[in-house]
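Letter by letter, the chains look like this.
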Amino acid sequence: MSDPAVAAQRQQQRQQGLIAGLVTLLFRFFGVLCGALLLCILIECVGMHFFWPEQGWRHAQGMLHYELDQLSTHFTRSALVQEPGRTAHRLVEQGYDWLFVKSGLLDWIRDASAQASAGSHRQTKDFRYYIGLVYVSVESYLIAAAYTALVFLVRLLVLCLTLPLFLMAAFVGLVDGLVRRDIRRFGAGRESGFIYHRARASLIPLAVLPWVTYLALPVSVNPLLILLPSAVLLGVAVCIAAATFKKYL
């Protein structure tokens, strides 16, 4: 096979690999979000059982109110959404409608509560009695899971609003890294493949871990306490990778 044919075949393989990478990236991103949601619900249920049993599902409800108030107070302007606070409230209302009303969770709670109260007055331990016991054990966790999902939606909106912060940090790191690379080349400086590969390997964790950490937190905190240091570290990693990339792509 001639050299032009080999080059064309390699170019086609690169294009197919790029398309496949973009398609699988969407599925991987969706998988990360689903994993973060399940982890958030699991942490909330464990916390209900061990750390805040007296609060129960009201802990997740309080987190939701705190997240909404914080979003309305601190995110008054955004480059992506005109009114972040109103958008968050609209998103929570739609999520509440889907999770509690359209899913039948409220109707199930009412029916199960009626069965549990009817079974608790029976002296014989029949099927309804055990249904009542199961309902008492599961009800708080289901309500807490629903409120936790709403908290997840609000935090996901906050992360989307802070995307320009990460993009700006990565862009500044890229520009600074390219300048440092040119200075090193003109000054006959040494290149380090070890530093480049470590910096390149840290890019994906620095971009993903802050999302998962913030989404799965069992308490409400200011998002800038997590996202701002993560954006700075991402910019530093991009800077180092761009400054040492010459022979190690």
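Residues numbered from 1 in each chain as written. Predicted model: local features only at pLDDT ≥ 70, side-chain atom pairs only at ≥ 80, totals over all residues. Heavy atoms only, no water.

**Q** Break down the overall build of the protein for me, citing the residues and quoting the values.
**A** A count of helical and extended segments in the protein gives nine helices and zero strands. Beginning at the N terminus, the succession of helices and strands in the protein can be written as α-α-α-α-α-α-α-α-α. Taken across its 249 residues, the protein has 32% of its residues classed as buried. On the protein, roughly 15900 Å² of surface is accessible, and the fraction owed to carbon and sulfur atoms is 66%. (Helix = DSSP H or I, 4+ residues; strand = E, 2+ residues; numbered from the N terminus. Buried < 20%, exposed > 50% of the residue type's maximum accessible area, 1.4 Å probe, protein only. Areas by Shrake-Rupley, 256 points an atom, 1.4 Å probe, with all protein chains shown as cover.)

**Q** Hey, could you go over the pattern of salt bridges for me, with residue numbers and the actual values?
**A** Side chains carrying opposite charge are able to pair once their charged atoms draw close together. Here the structure, examined in full by the defined rule, presents two salt bridges. Ionic pairing is found between Arg180 and Asp176, a salt bridge with its closest N-O pair at 2.8 Å. Remark: Asp176 and Arg180 occur in helix α6 (residues 163–186); sequence separation between them is four residues, near one turn of the helix. In this structure Asp176 comes out as partly exposed when scored by relative accessible area, which is 32%. (Salt bridge = Lys/Arg side-chain N within 4 Å of Asp/Glu carboxyl O.)

**Q** I'd like to hear about the packing of aromatic side chains, residue by residue, with values.
**A** A full pass over the atoms with the stated rule returns two aromatic pairs. Relative to Trp52, the ring of Phe51 lies with its centre 6.3 Å away and its plane at 40 degrees, an arrangement referred to as tilted. Sitting over the face of the ring of Tyr214, Arg155 holds its NZ or CZ atom 5.4 Å from the ring centroid. (Phe/Tyr/Trp six-rings, centres within 6.5 Å; stacked < 30°, edge-to-face > 60°. Lys NZ or Arg CZ within 6 Å of the ring centre and 35° of its normal.)

**Q** Tell me what's going on with the layout of surface pockets, and back it up with residues and numbers.
**A** One number sums up the size of the largest pocket: a volume of about 670 Å³. In this structure, the largest pocket is lined by 15 residues; those nearest its centre are Leu25, Phe29, Ile204, Ala207 and Val208. Take the lining of the largest pocket: its biggest share by element is five residues, from helix α8 (residues 203–216). Of the residues assigned to the lining of the largest pocket, the class counts are 14 nonpolar, no polar and one charged. (1 Å grid on protein atoms, 1.4 Å probe; cavity = no way out; pocket = protein on both sides within 12 Å on 5 of 7 lines; lining within 4 Å. Points joined across faces, edges and corners; volume = space filled by probe spheres on them. Nonpolar A, V, L, I, M, F, W, Y, C, P; charged D, E, K, R; others polar.)

**Q** Break down the nonpolar core for me, citing the residues and quoting the values.
**A** Residues Leu64 and Leu215 are the most contacted members of the largest nonpolar core, which totals 30 residues. Contributing elements (two or more residues each) for this core: α1 (3–50), α2 (58–74), α5 (127–161), α6, α8 and α9 (224–243). For this core, the element with the most residues is α5, which contributes eleven residues. Leave out the neighbours within four places in its chain, and Leu64 touches Val92, Tyr147, Leu150, Val151 and Val154. (Core = buried A, V, L, I, M, F, W, Y, C linked by side-chain atoms within 4.5 Å. Contact = heavy atoms within 4.5 Å.)

**Q** So what about α8? Which residues, and what values?
**A** For α8, spanning 14 residues, the distance from its first C-alpha to its last is 21 Å, which sits close to the expected 20 Å at 1.5 Å a residue. Within α8, burial applies to Pro210, Trp211, Tyr214, Leu215 and Ala216. (Expected span 1.5 Å × (residues − 1).)

**Q** So what about the environment of Ala36? Which residues, and what values?
**A** Its place among the elements puts Ala36 in helix α1. Residue Ala36 is classed as buried on the basis of its relative accessible area, which comes to 1%. As a C-alpha pair, Ala36 and Val212 span 176 residues in sequence and 5.5 Å in three-dimensional space. Beyond its immediate sequence surroundings of up to four residues, Ala36 is in contact with Phe152, Leu215 and Ala216.

**Q** Describe the UniProt feature "transmembrane region" (unreviewed entry) in the protein, listing the residues and the values that go with them.
**A** The positions UniProt marks with the feature "transmembrane region" (unreviewed entry) are residues 25–52, 129–150, 156–179, 199–217 and 223–245. Split by type, residues 25–52 is 93% helix and 0% strand. Its first and last C-alpha atoms lie 38 Å apart. Taken end to end, residues 156–179 is 96% helix and 0% strand, and its two terminal C-alpha atoms sit 35 Å from one another. (UniProt positions renumbered as here; feature names shortened; annotations may be inferred.)

**Q** Hey, could you go over the confidence of the model for the protein for me, with residue numbers and the actual values?
**A** Looking at the protein as a whole, the pLDDT averages 75, with 65% of positions reaching at least 70. Mean pLDDT values for the elements of the protein range from 61 in helix α4 (residues 105–120) up to 88 in α9. (pLDDT = per-residue confidence, 0-100.)

**Q** Give a detailed account of the side chain of Glu44, specifying residues and quantitative values.
**A** Mapped onto the elements of the fold, Glu44 is located in helix α1. Once residues within four sequence positions are removed from consideration, Glu44 is found in contact with Trp52, His59, Ala60, Met63, Ala144, Thr148 and Pro218.

**Q** Any details on the packing of α8 against α9? Residues and values, ideally.
**A** Each pair of packed helices can be described by the angle between their axes along with the distance between the axes. Where α8 contacts α9, the axes come no closer than 9 Å and their chain directions differ by 175 degrees. Between α8 and α9, the crossing angle belongs to the class labelled roughly antiparallel. Across from Leu203, Leu206, Pro210 and Tyr214 in α8, the residues of α9 making contact are Ile226, Leu227, Ser230, Leu233, Leu234, Ala237 and Val238. Class assignment of the residues belonging to the contact of α8 with α9 gives a composition of ten nonpolar, one polar and no charged. (Axes fitted to C-alpha atoms, helices over the stretch in contact; angles between N-to-C directions. Parallel < 35°, antiparallel > 145°, perpendicular 65-115°, else oblique.)

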